[in-house]
Amino acid sequence: MVSQPPLTGLKVLEFAGLAPGPFAGLLLADAGASVLRIDRPAPNGNAPLPTPDLLTRHKSSIALNLKSPASISLLLSLIPKVDVLIDPFRPGVLEKLGLGPSVLLELNPRLIYARLTGFRRDGRYSKMAGHDINYLSVSGALALLGRKDSPPHPPINILGDFAGGGATLFQGVLLALLSRERTGKGQVVEANMVDGASYLATFNRFALKTPAGSFPRGENLLDGGSPYYDTYATSDGKFVAVGALEPQFFAELVEKLGIDKSWERKRYDRDAWAELRKVMEAKFRERTRDEWEKVFDGTDACVTPVLTYHELESDKREREGDQRPAVTLKGSPLLTVSGGGGDVTVRGQGPGVKGDGYTGFPLKPGQGGEETLRQWAGWQRGRDYEVDEGGGLVLKKEGKAKL
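Anyway, here's the lowdown on the structure attached to this text. Along each chain, residues carry numbers from 1 onward, in the same order as the chain's sequence is written. Side-chain atom pairs in this predicted model are given and counted only at pLDDT of 80 or more, local residue features only at pLDDT of at least 70, and totals for whole chains, interfaces and linings cover all residues. Think of the side-chain values as coming from all heavy atoms in the structure, minus any hydrogens and water.

## Side note on the overall build of the chain
Okay, step 1: By definition, any uninterrupted DSSP run of H or I lasting at least four residues is a helix, any uninterrupted run of E lasting at least two residues is a strand, and each is numbered from the N terminus. The helix and strand inventory of the chain stands at 14 helices and 13 strands.
Okay, step 2: Here the C-alpha coordinates of the chain stretch approximately 85 × 50 × 45 Å along the principal axes.
Okay, step 3: Of the contacts made within the chain by residues no fewer than 6 positions apart, 64% connect residues no fewer than 24 positions apart.
Okay, step 4: The sign given to each residue is positive for Lys and Arg and negative for Asp and Glu; His and the chain ends receive no count. Positions of charges follow a simple convention, taking NZ of Lys, CZ of Arg, CG of Asp or CD of Glu. Mean positive and mean negative side-chain charge positions of the chain (52 and 49 charges, respectively) differ by 5 Å. In what follows, a contact means two residues having at least one pair of non-hydrogen atoms within 4.5 Å.

Next comes the structure, spelled out in structure tokens:
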């Protein structure tokens, strides 16, 4: 018998921001938390349009004009009901609005005030604008990424924004919640993408001083230097990935690929790597990707097809295309990232949502938020709050919302 998701009952207030903050909120929402996003009202009281954020699964929204004292008052009245607040802004933004941690923790000592920045708050770049590529560049991680004799190249914005940023903040929130169970007190949680990305590169940072990683970028075992840890084009213009590092796996690769067995003795000879790469390139171009998949499927040669998300979306049963939560909790499964019928709890997933993990649905400012306010605080429009001329929620003028 499974129970509810592990964060059921947790109330999270998420200020609308770019991808890393919403991703942290998404991780909390998929684990069962109730996540309420704070959006800006539409200009001039127009009908609200969806924001560019598609990381909205299981979330709701309210529109607040943070330049309005009445909207700020509503927010402050809501804080005692909140467990976690996600601040995605540059340092000092919420403090200027009177919403800094010293104020909010005074209102709610159990609050987890989670803050995410790109650069370090106390570093030389703290006042500068930046994006994922900038945070990686000053963390040291970007210098590790890229081919030999080519400039460093980022893995889109996965490593900084999402792994070093949103996922790291999520981890900090969980640690703070565990601490609150012991102490009864909330605290400020600060994450930044510079430290987050650098911490993720701990193994690779250590390897710089070992034979495994001491060569220039693109010439090491795991960064494209080794011919048996790389990708290869097939005859149909698709690709396979090869990761035959251990001797027994390399031996199976040699056998299935049909190349000379003498390569098993020469695999550690760096001077022979260029020649081996040419041999493997020629071999893999002899067949299509699907033909090679049939050769290597079920073997220990560590050769797999490079699949695109478009393929996975249209071929969910044959391969690993059905999107699932990142971890499986058998006793208290996370909410699934896709819809569909049937008992999905056997895979460690709870109920799903409309659509699937390949489609993000925009959330309009104000969408579903009033129901969330009713669930969190028992508030009702007209009695506890109202909508001002600009479309933002404000406290009723004749009194504060009940706490």
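## Quick look at helix H12 (residues 289–296)
Okay, step 1: Along H12, the residues classified as buried are Arg 289, Trp 292 and Phe 296. The arc that holds the buried residues of H12, viewed along the axis, is 60°, so those residues lie on one side.
Okay, step 2: Backbone geometry just after H12 places Gly 298 at a positive phi near 85°. Under the scheme applied here, a residue whose accessible area is under 20% of the maximum for its type counts as buried, over 50% as exposed, and between as partly exposed, the area being computed with a 1.4 Å probe on protein chains only. Taking the helix axis as origin, the arc is that swept by the directions to the C-beta atoms.

## Some words on the pattern of salt bridges
Okay, step 1: In the sections that follow, a salt bridge refers to a side-chain nitrogen of Lys or Arg positioned within 4 Å of a carboxyl oxygen of Asp or Glu. For the structure shown, the criterion picks out 19 salt bridges.
Okay, step 2: Close ionic contact of Glu 14 with Lys 59 constitutes a salt bridge, the shortest N to O distance being 2.8 Å. With a gap of 45 residues between them, Glu 14 in strand S1 (residues 11–15) and Lys 59 in strand S3 (residues 59–63) connect regions that are remote in the sequence.
Okay, step 3: Exposure remark for Lys 59: the relative accessible area of 9% places this residue in the buried category.
Okay, step 4: Two residues, Arg 115 and Glu 190, come together in a salt bridge whose shortest N-O distance is 3.8 Å. Of this pair, Arg 115 sits in strand S5 (residues 112–117) while Glu 190 sits in strand S6 (residues 187–192), and the two are 75 residues apart along the sequence.
Okay, step 5: For Arg 115, a relative accessible area of 5% translates into the label buried.

## Structural notes on the packing of helix H9 (residues 247–257) against H12
Okay, step 1: Throughout, an axis means a line fitted to C-alpha atoms (over the contacting stretch in the case of helices), and angles, computed between N-to-C directions, take values from 0 to 180 degrees. Where H9 meets H12, the axes come as close as 10 Å, and the angle between the chain directions of the two elements is 125°. Classed by the angle they form, the pair H9 and H12 counts as oblique. Seen from above, H9 lies across H12 with right-handed handedness. Facing Leu 253, Lys 256 and Leu 257 of H9, the residues of H12 in contact are Trp 292, Val 295 and Phe 296.
Okay, step 2: Gly counts as polar in this scheme, as do all residues outside two lists: the nonpolar Ala, Val, Leu, Ile, Met, Phe, Trp, Tyr, Cys and Pro, and the charged Asp, Glu, Lys and Arg. The class makeup of the residues in the contact of H9 with H12 is five nonpolar, no polar and one charged. Working definition: roughly parallel below 35 degrees, roughly antiparallel above 145 degrees, roughly perpendicular at 65 to 115 degrees, and oblique for all remaining angles. Here a crossing is called left-handed whenever its near helix is offset anticlockwise from the far helix by less than a right angle, and right-handed whenever the offset is clockwise.

## So, the pairing of S3
Okay, step 1: Across the five residues of S3, five count as buried, placing the element largely inside the fold.
Okay, step 2: Every second residue of S3 is oriented toward a common face, with Lys 59, Ser 61 and Ala 63 on one face and Ser 60 and Ile 62 on the other, all of them buried.
Okay, step 3: Across five bridges, strand S2 (residues 34–39) lies against S3 in parallel orientation. Among the inter-strand pairings, Ile 38 is bridged to a residue of S3, identified as Ile 62. A strand pair is defined by DSSP finding two or more bridges across the two strands.

## Some thoughts on the sheet that holds strand S8 (residues 239–243)
Okay, step 1: One open sheet holds the three strands; their spatial order is S7-S8-S9, and the pairing between them is antiparallel. The open sheet has two edge strands, strand S7 (229–233) and strand S9 (303–305), and neither has a second partner. Adjacent strand axes in the sheet meet at a mean angle of 25° when their direction is disregarded.
Okay, step 2: Here five bridges tie S7 to S8, and the two strands are oriented antiparallel to one another. Counterpart to Asp 230 in the pairing with S8 is Val 242.
Okay, step 3: The strands touched by helix H11 (residues 273–284) within the sheet are S7, S8 and S9, with S7 carrying the most contacts at an inclination of about 40°.

## Concerning the packing of aromatic side chains
Okay, step 1: Ring geometry is summarised as follows: Phe, Tyr and Trp rings, the Trp one being its six-membered ring, pair when their centres sit within 6.5 Å, and such pairs are stacked at plane angles under 30 degrees, edge-to-face over 60 and tilted between the two. Considering all chains together, one arrives at eleven aromatic pairs under this definition.
Okay, step 2: Between Phe 119 and Tyr 135, the ring centres sit 4.8 Å apart and the planes meet at 85°, which makes this aromatic pair edge-to-face. Here the residue Phe 119 occupies a position in the loop between S5 and helix H5 (132–139), and Tyr 135 occupies one in helix H5, the gap between them amounting to 16 residues.
Okay, step 3: The exposure class assigned to Phe 119 is buried, which follows from its relative accessible area of 7%.
Okay, step 4: Aromatic side chains Tyr 232 and Phe 284 sit 5.3 Å apart centroid to centroid with 25° between the ring planes, which places their arrangement in the stacked category. Taken together, the residues Tyr 232 in strand S7 and Phe 284 in helix H11 connect sequence positions 52 residues apart. Taken as a pair, Tyr 232 and Phe 284 share a single burial class, namely buried.
Okay, step 5: Here the aromatic cluster, defined as three or more aromatic residues joined through ring pairs, consists of Tyr 232, Phe 284, Trp 292 and Phe 296.
Okay, step 6: Geometrically, a lysine NZ or arginine CZ counts as sitting over a ring once it is within 6 Å of the ring centre and also within 35 degrees of the ring normal. Arg 270 extends its terminal NZ or CZ atom over the ring of Phe 215, reaching a point 3.6 Å from the ring centre.

## Structural notes on the packing of H9 against H11
Okay, step 1: Their axes nearest at 11 Å, the elements H9 and H11 cross at an angle of 45°. For the element pair H9 / H11, the angle class is oblique. You can see that H9 and H11 cross each other, and the crossing is left-handed. Note on element contacts: H11 touches H9 through Leu 276, Met 280, Lys 283 and Phe 284, opposite Phe 250, Leu 253 and Leu 257.
Okay, step 2: The residue inventory of the contact of H9 with H11, partitioned by class, reads six nonpolar, no polar and one charged.

## Let's talk about a nonpolar patch on the surface
Okay, step 1: A cluster of nonpolar side chains, contributed by Phe 203, Leu 222 and Tyr 229, occupies part of the molecular surface with about 300 Å² of accessible area.
Okay, step 2: Inspection of the secondary structure assignment puts Leu 222 in the loop between helix H8 (202–207) and S7. Each patch is assembled from residues with relative accessible area greater than 30% and no salt bridge, linking like charges that lie within 9 Å and nonpolar side chains (Val, Leu, Ile, Met, Phe, Trp, Tyr) that lie within 5 Å. All accessible areas in this document rest on Shrake-Rupley with a 1.4 Å probe, and a residue is counted as covered only by the protein chains that are shown.

## Here we look at the side chain of Glu 14
Okay, step 1: Its relative accessible area of 0% is what places Glu 14 among the buried residues.
Okay, step 2: Contacts of Glu 14, omitting those with residues within four sequence positions, involve Gly 21, Pro 22, Gly 25, Val 35, Leu 36, Arg 37, Ile 38, Asp 53, Lys 59 and Ile 86.

Read these as layout, nothing more, since geometry by itself doesn't imply function.
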